[in-house]
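Now for the letters of each chain:
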Amino acid sequence: ALWRSGCNVCHAYNDNRTEKRMKITDINGCEVTILSEHIFRAKSAKTVCVSACLAYFGITPDMYTVTSTNKNVRAYHGILRRYGFGVRSRKSASSKAKSVGQLRKLIPTIASKETENILGYLVGVPSHLMVLGIDGATVIDTDPRKRDARKLVQVHAIVAKSRG
């Protein structure tokens, strides 16, 4: 079966279908492993855009089973936390921005007020996820736009948790 219900270590479970659907790609000068196509199951999914965003933070597709489920659309937050990252909402700080283009201009201001060491901003738009840098530039986007008027759904700062 592709999905093990009730499995406590489902992040360590890797099926052959995932392995066959991975590819190595160049993202900003770094070779990372991402999915070459979406994997949809009855009640969950593993998507290309989320796998690319997670790969930017060093989490390859064979390290997790799903990126979203019917009950938990943002399961990738748990994946980031499991591998030592903090996920902090910045939706209220970015409330003036209604689109990705407006957010790009606002991020340097938001980043300058941060007290933690921000690694990037995870930005959600309808049915898509991307990573923006602390300067507002696109770091990861599997569906890039020249003029980005996509509506913002979520904005999260990603921080490395201190070990200690």
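Model, not experiment: these values are computed from the prediction.

A. Main features of the nonpolar core. One finds Leu54, Leu80 and Leu122 to be the most contacted residues of the largest nonpolar core, which totals 19 residues. Listing elements by their share of this core, those giving two or more residues are helix 2 (48-56), helix 3 (76-82), strand 6 (85-89), strand 8 (128-132) and strand 9 (138-140). Element by element, the count of residues in this core is highest for helix 2, at five residues. Setting aside chain neighbours within four positions, we find Leu80 in contact with Leu54, Phe57, Ile59, Phe85, Val87, Leu122 and Ile158. Counting residues in each nonpolar core, the second largest holds 17 residues, with Ala97, Leu103, Ile107 and Val125 among its members.

B. Just the pattern of salt bridges, in detail. As enumerated under the stated definition, the model contains seven salt bridges in all. Note that Asp148 and Arg104 form a salt bridge whose closest N and O atoms lie 3.1 Å from each other. Of this pair, Asp148 sits in the loop between strand 9 and strand 10 (154-160) while Arg104 sits in helix 4 (residues 100-112), placing them 44 residues apart in sequence. Among the salt bridges present, the one from Arg150 reaches Asp141, with a minimum N-O distance of 2.9 Å. On the basis of relative accessibility, which here comes to 14%, the residue Asp141 falls in the buried class. Each of Arg104, Asp141, Asp143, Arg145, Asp148 and Arg150 takes part in one network of salt bridges that share partners.

C. Inspection of the pairing of strand 8 at higher detail. A large share of strand 8 lies buried, amounting to five of its five residues. Neither face of strand 8 is open: one carries His128, Met130 and Leu132, the other Leu129 and Val131, and all of them are buried. Bridge count for strand 7 (residues 118-125) against strand 8 is five bridges, and the pairing is antiparallel. For Tyr121, the partnering residue across the bridge sits in strand 8 and is Leu132. Counted along the chain from strand 7 to the antiparallel partner strand 8, the turn is two residues long, and its residue Ser127 has a positive phi close to 60°. Where strand 8 lies against strand 9, two bridges are found, and the strand directions are antiparallel.

D. Here's a closer look at the sheet that holds strand 10. Read across the sheet, five strands follow the order 6-10-7-8-9 without closing on themselves; strand pairing throughout is antiparallel. The open sheet is flanked by strand 6 and strand 9, the only strands paired with a single partner. In this sheet, neighbouring strand axes are inclined to one another by 35° on average, regardless of whether the strands run parallel or antiparallel. Summarising the sheet, strand 7 and strand 10 pair through six bridges and their orientation is antiparallel. Paired with Leu122 across the bridge in strand 10 is His156. Contacts from helix 2 reach strand 7, strand 8 and strand 9 within the one sheet, and its direction differs from that of strand 8 by about 25°. Together, strand 7, strand 8, strand 9 and strand 10 form the strand contacts of helix 4, whose direction differs from that of strand 7 by roughly 155°.

Calculation notes
Each chain has its residues counted from 1, running along the sequence as written. For this predicted model, a pLDDT threshold of at least 70 governs which residues receive local features, and a threshold of 80 or more governs which side-chain atom pairs are given and counted, while totals over whole chains, interfaces and linings are taken from all residues. With hydrogens and water stripped out, all remaining heavy atoms of the structure feed into the side-chain values. In this text, buried Ala, Val, Leu, Ile, Met, Phe, Trp, Tyr and Cys residues form a nonpolar core when linked through side-chain atoms within 4.5 Å. Categorising residues by exposure relies on relative accessible area from a 1.4 Å probe, with only protein chains included: less than 20% of the type maximum marks a residue as buried, more than 50% marks it as exposed, and the intermediate range marks it as partly exposed. Secondary structure counts use DSSP, requiring at least four H or I residues in a row for a helix and at least two E residues in a row for a strand, with both numbered from the N terminus. Note on contacts: a residue pair is in contact if any heavy atoms of the two residues lie within 4.5 Å. Any Lys or Arg side-chain nitrogen located within 4 Å of an Asp or Glu carboxyl oxygen qualifies as a salt bridge. At least two DSSP bridges between two strands are required for those strands to pair. Lines fitted to C-alpha atoms define the axes here, with helix axes fitted over just the stretch in contact, and angles between the N-to-C directions of these axes take values from 0 to 180 degrees.

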